[in-house]
Each structure stands twice: as C-alpha cells, then as structure tokens.
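# Summary of the model geometry
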Amino acid sequence: LIVSDLDEIPSAAAVRRAARSAQDGKVRMLQLSLRSFYLNFCNFSMPRWEWGPMVLSGRAFRDPKTYQKMRKGDWSVKEVLTSVPSPHLLRPLKPDRIVRNAGWHFTFMGGMEMILRKLASFAHAEYSTGRFADANHVRHVIENGGDLFGLGDRYYAVPAERCLPPFILRHPEKFAALIYPTP
C-alpha cells in the first residue's frame, strides 16, 4: 500500500525496494527530491522532502500496533486506534526506515494561474491571501529563486538531464512549459 499525494512521484526502483522491504510489516517512507514551480527548479535549502509517501503492507495497515508509532501530527494514538483504519491516518506515522533518493515531489507546478489557484485552495489558509497570493510576489519569488512563504528556502534551476524522471527526459516536448531554461 502506498499513501501519497498526487504531486509526489516515486521512482519505480524505489517502489520495488520499499515494497520488498515492507513485507515485514514495517512502515517505509520514500524520501523525495523537492521541486517547486518548474520540474527542474530544485530546493537546495531542503533538497529532500522528509514527509514523503508511506509504504506498508496491507497487514501492517490493519494492525493497530502500526499506529502506536505516531510522530507529531493531527491524530492521537487513541483517535487512530478507535477509528476505522484509513490511508490519511498514515501521514503522522514515524517510519521504520527511509528509502532515500526515491523520487520527486513536484509542487506549485503549472504556471502562474495554477500556482495562484493552489494558493487559493491551500490547506494552510494563512498563505492563501495577502502578499502570498499576489501574482507580483509569486513572479518575484520565482525570478529570484526564493520561496513563496518567506521561510528562507533557495531554489535553483538544474539542467533537466541531471535531475528529471526518465519519462520526462524521453518526452521533453510534452513538458517544455514546465522546464525552467538553463544555460
């Protein structure tokens, strides 16, 4: 079982590694490379997404002991153990093992209109209005390699051939608008 957001893309090799090792009933977390705005716009302040997809066996998903390893999150162990198991409860789990270099987390993709749309519907309401949701602010952040929320992250464009999934490299014409030009 893989619990992931749609913008988290695990590599096929990482899924195979995690699936083989998750047969022991333990929880695996896939560590992803963090990208924002463009497919090759890499976050060098936090290059690895530490809250990536969780991989576990169906047996572990149904076992209440799995949920006793909660890290800080929205769910207490009591709430989890008294509810019907559901995939969204896995996010606060502390993984038994991290699978490194496991794929890509592509967030705030699709150009200005899509970025503003995501901000307007973002779960963190404190970022959905004011300067954060202003097109001029977003444009300035992207042009200067900053982050939308003023947290100090730095982004740099990396040549596509050094950092993108094989499918994208085989079909660059389909993704040209999502690749930031590099020298």
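All figures in this text were calculated on a predicted structure; none of them were measured in a lab.

This next bit is on the sheet that holds strand S8 (residues 97-99). Ordered in space as S1-S7-S3-S8, the four strands form an open sheet in which the pairing is mixed. The open sheet terminates on both sides in strands that have one partner only, identified here as strand S1 (2-3) and S8. Of the strand pairs in this sheet, S1 and strand S7 (residues 54-55) are connected by two bridges, and their pairing is antiparallel. The residue bridging isoleucine 2 from the neighbouring strand is valine 55, located in S7.

Turning our eyes to something else, we now look at the pairing of strand S4 (residues 32-36). Most of S4 is tucked away: five of the five residues are buried. Examined bridge by bridge, S4 and strand S6 (residues 48-49) share two bridges and lie antiparallel to one another. Paired with leucine 32 across the strands is tryptophan 49, a residue of S6. Pairing analysis gives four bridges linking S4 to strand S9 (residues 103-107), with the strands arranged parallel. Considered in S9, the bridge of leucine 34 is made with histidine 105.

Another point: the side chain of histidine 137. Counting through the fold element by element, histidine 137 comes out in helix H5 (residues 135-143). Contact partners of histidine 137, with chain neighbours within four places excluded, come to Arg131, Phe132 and Leu148.

With that out of the way, let us pick up the side chain of arginine 35. As for its position among the elements, arginine 35 is in strand S4. Although arginine 35 is buried, it forms no salt bridge, and the closest oppositely charged side chain is glutamate 161 at an N-O distance of 11 Å. A polar contact is formed between the side chain of arginine 35 and the backbone oxygen of leucine 39, at a distance of 2.8 Å. If we ignore the near neighbours within four places in the chain, the residues touching arginine 35 are Asn40, Phe41, Cys42, Trp104, His105, Phe106, Thr107, Met109, Cys163 and Leu164.

The next point concerns a positive patch on the surface. Where like charges cluster on the molecular surface, the positive patch consists of Arg16, Arg17, Arg20 and Arg97. A total of three residues in the positive patch trace back to one element, the largest contributor, which is helix H1 (residues 12-21). Note on placement: arginine 20 falls in helix H1. Looking at arginine 20, the relative accessible area reads 58%, which means it is exposed.

Okay, H1 next. Of the positions making up H1, those classed as buried are Ala14, Ala18 and Ser21. All buried residues of H1 project into a common sector of 70° when viewed along the axis, lining one side. Structurally, H1 contributes buried residues whose contacts are with strand S3 (28-30), S7 and S8.

Next up on the list: the environment of alanine 157. For alanine 157, the position within the fold is in strand S10 (residues 155-157). What makes alanine 157 partly exposed here is its relative accessible area of 28%. For the pair alanine 157 and arginine 35, spaced 122 residues apart in the sequence, the C-alpha separation amounts to 9.6 Å. The residues contacting alanine 157, other than those within four sequence positions of it, are Asn40, Phe41, Tyr180 and Thr182.

Reading the values: rules and limits
- Residues numbered from 1 in each chain as written.
- Predicted model: local features only at pLDDT ≥ 70, side-chain atom pairs only at ≥ 80, totals over all residues.
- Heavy atoms only, no water.
- Pairing = 2+ DSSP bridges.
- Helix = DSSP H or I, 4+ residues; strand = E, 2+ residues; numbered from the N terminus.
- Buried < 20%, exposed > 50% of the residue type's maximum accessible area, 1.4 Å probe, protein only.
- Contact = heavy atoms within 4.5 Å.
- Lys, Arg positive; Asp, Glu negative; His and termini not counted.
- Salt bridge = Lys/Arg side-chain N within 4 Å of Asp/Glu carboxyl O.
- Polar contact = N/O pair within 3.5 Å; in protein donor to acceptor, adjacent residues only side chain to side chain.
- Patch = residues over 30% accessible without salt bridge, like charges linked within 9 Å, V, L, I, M, F, W, Y side chains within 5 Å.
- Areas by Shrake-Rupley, 256 points an atom, 1.4 Å probe, with all protein chains shown as cover.
- Charge placed at Lys NZ, Arg CZ, Asp CG, Glu CD.
- Arc of directions from axis to C-beta.

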